Every structure is written in structure tokens, then in C-alpha cells.
Amino acid sequence: MKISEYKQLFLSEAQEILNSLNKILVELEKKPEDPGLINELFRQSHTLKSMAQSMGYDEITGLTHSMESTLSLIKSGKLKAEKETVDLLFKSLDTLLNLVEAVRKGETKKVKVAPLIERFEEIASAVPGEERMPAEEKRSNLRLEDIDRRHIVDERNKGVITYRLTVSLKTGVKDKKLMAQDLVKKLQDLGEVIRAPFLYRQIEGGRFGRHFGLFFVTKHSSDEIKKEIEADADVQGVALRPLEIDEIILPSKKKEAEDVPVPISAGEAQSVRVPLTQLDGLMDAIGELVINKSRLSSITRTVENKPLGEAVAQMSRLTSHLQYQMMQVRLIPLEYIFTPYSRMVRDIAASESKKVDLVIEGSNIGLDRAMQDEINGPLLHLLKNAVTHGIEKPEERERKKKPKRGKIKLVAKRERNHVAIELSDDGRGIDIEETREVSVKRGIIAKEELAALTPKEEIMLITSPGYSGAKKVTEAAGRGVGLSAVRSKVESFGGSLNIETTPGEGTAFLIKLPLTMAVTQAMLVGLADETYCIPLSYIVEAIKVASGDIKTMEHHEVISYRDTVLPLVRLKETLGFAQPSVGETGNPGTATGIPVVVVESGTRRIGLVVDSLLDQQEVVIKSLTGILKQVRYVSGATILGTGKASLIVDVPSLV
């Protein structure tokens, strides 16, 4: 099997390993003596190195090998995980991420790893009793291919020796590339350098530190070779040893079996990797199946045929089960987006001269992958705000008798058909008085209207378009459009955002999300001759009111609702219907009253006046494309059981 066929698997696993390494390294920075963290860093670095080596990604292999060597010194107690070393490890992880991304895009690798490798070697060389260039530990710049092994075996049979040779250059060599190339040419005069053209390309690309290795076939003795190379003033030292027979023997069937992934028996297989595009296609097909199930169910209600009715009922049960199973397949742990957050918080805190711990709980909770992609941006912004605006600097926290290290908690919980995510901090909290002043100053609300707001509504002012309390613009703080965008994004796919704060103690952002955006329960309502869908996640209840109960207040229609005043929106007028609205001249509603659907988004409630309440149904959401995306107050469409298309009302835009 070709190595290229494993590329996608490598990319997927490499990304997971690097995310995990970042998370573990953040913890190691706080607990530099924790052997469990060091062991896990070493283990995962070794795994990544082995994967890259098997794929032939030399830059990734070389850098992870240097990381592994340094972690080995930390593991053995010869080196401490001090700030300089940890920072170098972080830089290396960033470089590895760039290299993996280059592999993903199929681009030429332009990322230079030599400076990092050289720095690792300098750290290792400063360890007392540690060899500057241990011959047995250094890896060759090349991997022996089958053709190389055959050639070496042939030469061995002729009495010619093959050496594993590593050259170490002195610190401060001005032109390492030229120096290395001259040494290779000198060796070629003494024998044969295995795969010399490829080695030259590696040297030209700068893919080595102060040490570089090769395989060398020669009749000369090791002393002669050493003497010739060490004659150069820029050479620190030379390590070479003859290759053992088990290192050069031709791959046996057993070896070939090791190189190819071993098939897992049916009883052992626990999971498989499937491209997301295939899952999307399968979900679309199941959506069409659900639509046709509704159509068949509608038809059977008009036909007196018992066997047909039973068959359709059975098919409906199977379709519902299939749909449920498909939704479960699309649910992946929130760890997918949560894992990189620890590193991000660490970096932002460092740039702000703050000390912050991020505690993550519930990362095993499943959420639709598409939903995770959508919510990742809002969560990133809230985390940045928590570090830059919420958590105080250590000296300020000390004056307030708080721990110097601030704490941010990110907790996910499953609540029936929703996922609740709470992001809280123990920082300074939101200054309500400042929020009121900024809101009035920026024209978000009139000063005389402030008195009518509840405490909850006052806090939510910070999510209004145009609000910004930032004293200065930074990369982390943004430009004052963040929380408005966060709220809009959360509400755009049926979620809700609420904020709780205690001045001086901290703030909590509470996000509630549906498990998936593909399917939703909706109430069907009639508007003239059309049927519209209102998602149940926004509906508080459906009521009927007498036309005489509708009053006008400040040019807006309202009704008295549960000891409060509820604004009304006549949905037909809002959506542009030409017919008279319900309750107006010629259309007084029904004998039992005018249908009103009470909906809620965020902290606001309104009543949607409709012509009739029809049914409750599970609908498959279809995104609008082209010019239809510009239609106001509509978030998508679906196909009803009758086969007719129905638009889905965008409740947040109305509220």
C-alpha cells in the first residue's frame, strides 16, 4: 500500500497529538516536577516522531527527535523544565503545526527547523555529564530504503564496511550549509555516501542543526576517516560505527508486516474514521427520507388501507431510529474544540502579564461537528475577553485579597436535547453603572429608558451592536464588535446567551445550544394560504386573545400577558403579505380569539400574531442560497409532508 494513502490518517492523528501536547505542556509549566506530565509529553512526542518517520516527513521527524531527547533529559532528572526550555518546546509545537499544515496543503515546506534543533542541542550540551554528540543516539538524515539495504549487503559480502557517521560542527560556524557540503564531498573521495543527491538537497534546505548524519560505505578504517574529517577547523567531532547485520538485513516478510497496519479483527474494532463530507451526504439522504416519510404518512391518512398504514407506520419507526443513530454519529466530544484553549489562554495571559488557570469540564459531551465549528469563534472571543477584561493583574488581585492566579472555568453539560456551556471567571465582574453610561453615550439606549430595564436586561446591554467598554484596542481585546457578534451567532442557530455577574467577584456567560442544526421540532402556523414554521426552541406557548384585548402603546400593539406587557408583531404584515392582518377590518380572527405565538430570544419576549395554529412537526432544515439568503426574517426552509415547501421564521431577527 502506498504511503500517500495514509496521509489523511497522519494529518488527523498529528493534529490531535499536537493539540494534546499543547494542553499537557501548559500543565507542565504550572507543575514542572510532575512525572506523569513529563512521561505523557515524551510518549506522545515519540508517537508523532514515529508516525512522521514512517511517512518520510524529515523536518517533523528531526524536530520531534530533538524534543524527545530534551524531554528524556527532563524525565531522567538531568534537566529541569525551566521557562527557557518550556518556551522552546512551545515554539517547536507551533513550528510542527505549521509543518503539518504544509503537508495538508501539499506545499513545499518552507519552515526552518534547524535553529530550533540547534537550540535543543545547546541545552543538551550544557547538561553535566551529557555527551555533546552521543553516537548511538544521533539519527541519520536518511532512512535506508530497500535498494540501499541491498547495495550495502552486496558491499558487505565484498568485505566493504558501511558506517553510520555523524559529524558535529562547532558553534558559530558562519556557513553551515557550505561546510556540510564540503565534508560530504570529502567523504565521497574516501568512499560512497548513500543517497548523496538527496543528502545535498537536505543540506541545501537547512534541515539540520549543528549535527548531521549519513551512511557511508568505504574500505578505509574508522581512524582514517576521523582524521580526515577532524582536520577541518570547524568540526567539533566525529562519531561513527559499523552498521550491524540486523540493521541492514533485507526486510523479511515479518518486517513488511510491521510496516503495513495490521488488520483488526471484527471483534476488536471499536471505531473507524470517516470523512465529514460523507457524513454530511448521509445526513442529507436521511433528511430526504424523513421528508418522504412525512409525505407517506400524510397520504395514508386519506386512504383506507390497513396493510399500507401498518407498513408506513413501521417505516416511520425505522426512519426515526435511523435518523437518531445518524445524529449520534455526528456528535463528537467537545474536546475537539476545547483542547487548544489551554494554550491560547496561556499565551494571552503571558502577553497581558497575568497569571490565569483554565479549568475545563465536560469535554466528553457530544455536539454536532457542524455546530462545534459554528460555536468555536464565539467561545474563543469570550475566552479572550475573560483574560483581557475579566481577570485582574496579579498585584491588583493581591490588593483585593484574591489568589494571584486567576481562574477561568469552561463547563459543558447535557440538558435533554440541548448542550449548556458555561464560561465563568473569578475576575473583576461587570461594572453595571459603567455599562449604563457607555450604552447611553453610544446611543444604544435613551437615558430615560434605563429605569424600565430589569437587572438582567442591563447586563445584556453589553451585547448590543456598537457597545465597547475597551479602553484600548489590542489583538486580544478586539474592536468592540465581539459580544454583539457572539450573541448574534449563538442565536442564529437556535441558541441563547445569558450573562450573570457580581462586581468584584466575576462573570459567567451561559450558552444553550441545540444538539444539531440539521433537524428541529417546529410549530406550523398558517398565514393566508401559506404555511410557516416556528422552531419550538423559541416558543414559550401559544395563546388566543380577543381583539378587544389588543391595545396600542407608543404606536405599538401590546397585550397584557402574565402581569407584564407583551409587544405584538403581526407576522403577515412583517413578511410582506398584502392581505389585511388578523383582527383588522374584515378579518376579526376566529370565534375563540386571535392566535398568538409567544416567543423568546435572549431576555426579550414578543407575541407573533398568525392566522391559524396548524400542527407540530419535526422538520429537516434546508439552508437558503443565492438571492434567497437576503430574505429578511427567514432562516431556512423545509419540505412538509404534503410535499409543499415552507419557510422557517427567524425569531431572533424579529425579537
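Since we're looking at a predicted model, the values are computed, not measured.

How each quantity is defined
- Residues numbered from 1 in each chain as written.
- Predicted model: local features only at pLDDT ≥ 70, side-chain atom pairs only at ≥ 80, totals over all residues.
- Heavy atoms only, no water.
- Helix = DSSP H or I, 4+ residues; strand = E, 2+ residues; numbered from the N terminus.
- Buried < 20%, exposed > 50% of the residue type's maximum accessible area, 1.4 Å probe, protein only.
- Contact = heavy atoms within 4.5 Å.
- Areas by Shrake-Rupley, 256 points an atom, 1.4 Å probe, with all protein chains shown as cover.
- Phe/Tyr/Trp six-rings, centres within 6.5 Å; stacked < 30°, edge-to-face > 60°.
- Lys NZ or Arg CZ within 6 Å of the ring centre and 35° of its normal.
- Salt bridge = Lys/Arg side-chain N within 4 Å of Asp/Glu carboxyl O.
- Pairing = 2+ DSSP bridges.
- Axes fitted to C-alpha atoms, helices over the stretch in contact; angles between N-to-C directions.
- Expected span 1.5 Å × (residues − 1).
- Polar contact = N/O pair within 3.5 Å; in protein donor to acceptor, adjacent residues only side chain to side chain.
- Parallel < 35°, antiparallel > 145°, perpendicular 65-115°, else oblique.
- Left-handed = near helix turned anticlockwise from the far one by under 90°.
- Nonpolar A, V, L, I, M, F, W, Y, C, P; charged D, E, K, R; others polar.
- pLDDT = per-residue confidence, 0-100.
- Patch = residues over 30% accessible without salt bridge, like charges linked within 9 Å, V, L, I, M, F, W, Y side chains within 5 Å.

### Notes on the overall build of the protein
Looking only at helices and strands, one finds 22 helices and 22 strands in the protein. When the 655 residues of the protein are sorted by exposure, 45% land in the buried category. Long-range pairs, those at least 24 residues apart, make up 71% of the contacts in the protein between residues at least 6 apart in sequence. Of the roughly 34,500 Å² of accessible surface on the protein, a fraction of 51% belongs to carbon and sulfur atoms.

### Side note on the packing of aromatic side chains
Tallied over the full model, the rule gives three aromatic pairs. With a centroid separation of 5.0 Å and an interplanar angle of 55 degrees, the aromatic rings of phenylalanine 10 and tyrosine 57 are classed as tilted. You can see phenylalanine 10 sitting in helix α1 (residues 7-30) and its partner tyrosine 57 sitting in the loop between α2 (35-55) and α3 (58-76), a full 47 residues away along the chain. Classification of tyrosine 57 as buried rests on a relative accessible area of 12%. Aromatic side chains phenylalanine 338 and tyrosine 341 sit 5.8 Å apart centroid to centroid with 40 degrees between the ring planes, which places their arrangement in the tilted category. The pair phenylalanine 338 / tyrosine 341 is uniform in exposure class, with both members buried. Residue placement shows lysine 75 over the ring face of phenylalanine 42; its charged tip is 4.5 Å from the ring centre.

### Description of the pattern of salt bridges
Applying the stated criterion across every chain yields a total of 29 salt bridges. Residue aspartate 373 is joined to arginine 369 by a salt bridge in which the shortest nitrogen-to-oxygen separation is 3.5 Å. Placement of both aspartate 373 and arginine 369 in helix α16 (residues 369-390) is noted, with a separation of four residues, approximately one turn of the helix. Given the relative accessible area of 41%, aspartate 373 is considered partly exposed. A salt bridge links glutamate 374 to lysine 489; the shortest N-O distance between them is 3.0 Å. Here the residue glutamate 374 occupies a position in helix α16, and lysine 489 occupies one in helix α20 (residues 482-492), the gap between them amounting to 115 residues. Several salt bridges converge on common partners, so that one network encompasses Glu29, Lys83, Asp87, Asp94, Arg343, Arg346 and Asp347.

### Quick notes on the sheet that holds strand β11 (residues 506-514)
In space, the five strands of this open sheet follow the order β6-β8-β9-β11-β10, with mixed pairing throughout. One side of each edge strand has no neighbouring strand; the edge strands of this open sheet are β6 (356-361) and β10 (496-502). With strand direction ignored, the average angle separating the axes of adjacent strands in the sheet is 15 degrees. As defined by bridge partners, strand β8 (residues 406-415) adjoins strand β9 (residues 418-425) across eight bridges and the pair is classed as antiparallel.

### Quick look at helix α5 (residues 114-125)
Compared with an ideal rise of 1.5 Å per residue, which puts twelve residues at 16 Å, α5 spans 16 Å between its outermost C-alpha atoms and is within 8% of the ideal. Along α5, the residues that are buried comprise Ala114, Leu116, Ile117, Glu118, Phe120, Glu121 and Ile123. On its buried face, α5 sits against α3, α4 (83-105), α7 (176-190) and β3 (211-218).

### Some points on α2
Note on helix geometry: an α-helix contains 3.6 residues per turn, so any two residues three or four positions apart are oriented the same way. Between its first and last C-alpha, α2 extends 30 Å over 21 residues, near the 30 Å set by a 1.5 Å rise per residue. The complete set of buried residues in α2 reads Leu37, Ile38, Leu41, Phe42, Gln44, Ser45, Leu48, Lys49, Met51, Ala52 and Met55. In the core, the buried residues of α2 are packed alongside α1, α3 and α4. Where α2 begins, the capping side chain belongs to aspartate 34, and its oxygen is found 2.9 Å from the backbone nitrogen of glycine 36.

### Describing the sheet that holds strand β12 (residues 519-527)
The strand order across the open sheet formed by five strands is β20-β12-β13-β22-β21, and the pairing between neighbours is mixed. Of all strands in the sheet, those with a lone pairing partner are β20 (612-620) and β21 (634-639), marking the two edges. If you compare each strand with its neighbour and ignore which way they point, the axes differ by 35 degrees on average. Bridging between β12 and strand β13 (residues 530-535) involves six bridges; their strand directions are antiparallel. Each residue of the ladder has a partner; that of methionine 523, found in β13, is isoleucine 534.

### Looking at the pairing of β21
Here β21 runs beside strand β22 (residues 645-649); their pairing, made up of five bridges, is antiparallel. Its bridge partner lying in β22, threonine 638 is registered against serine 646. Between β21 and the antiparallel strand that follows it, β22, lie five residues; glycine 643 among them carries a positive phi value of about 95 degrees.

### Thoughts on the pairing of β3
When a strand is regular, its side chains alternate between the sheet's two faces. Most of β3 sits inside the fold, with eight of its eight residues counted as buried. Of the strand pairs in this sheet, strand β1 (residues 161-169) and β3 are connected by eight bridges, and their pairing is antiparallel. Paired with threonine 162 across the two strands is valine 217, which belongs to β3. Two elements, strand β2 (residues 192-193) and β3, share two bridges in a ladder whose sense is antiparallel. By the bridge assignment, glutamate 192 is partnered in β3 with valine 217.

### Description of the packing of α3 against α5
The N-to-C vectors of α3 and α5 enclose an angle of 20 degrees; their axes lie 9 Å apart at closest approach. Between α3 and α5, the crossing angle belongs to the class labelled roughly parallel. In the crossing of α3 with α5, the sense of the turn from one axis to the other is left-handed. Residue-level contacts link Gly62, Leu63, Ser66, Met67, Thr70 and Leu73 of α3 to Leu116, Ile117, Phe120 and Ala124 of α5. Across the contact of α3 with α5, the residue classes tally to seven nonpolar, three polar and no charged.

### Some details on the confidence of the model for the protein
Averaged over all residues, the pLDDT of the protein is 80; the fraction at 70 or higher stands at 85%. The lowest-confidence element of the protein is helix α11 (residues 253-259), averaging 40 in pLDDT; the highest-confidence one is β6, averaging 93. Counting interchain partners and residues more than four positions distant, the pLDDT-below-50 stretch residues 251-269 has seven contacts.

### Notes on a nonpolar patch on the surface
Together, Leu296, Ile299, Val303 and Leu308 line one region of the surface with nonpolar side chains, adding up to about 300 Å² of accessible area. Mapping leucine 296 onto the fold places it in helix α12 (residues 276-300).

### Details of unusual backbone geometry
Trans peptide bonds make up most of the peptide bonds, and negative phi angles are found at most residues other than glycine. One non-glycine residue, lysine 401, lies in positive phi territory at about 60 degrees. Note on placement: lysine 401 falls in the loop between α17 (394-399) and β8. Its identity as a non-glycine residue notwithstanding, aspartate 563 has a phi of 65 degrees, on the positive side. For aspartate 563, the location among the structural elements is in the loop between β16 (556-561) and β17 (564-570).

### Quick word on the environment of leucine 510
Positionally, leucine 510 belongs in strand β11. A C-alpha to C-alpha distance of 5.1 Å links leucine 510 and asparagine 498, two positions twelve residues apart in sequence. Setting aside chain neighbours within four positions, we find leucine 510 in contact with Ile421, Glu422, Ser496, Leu497, Asn498 and Glu500.

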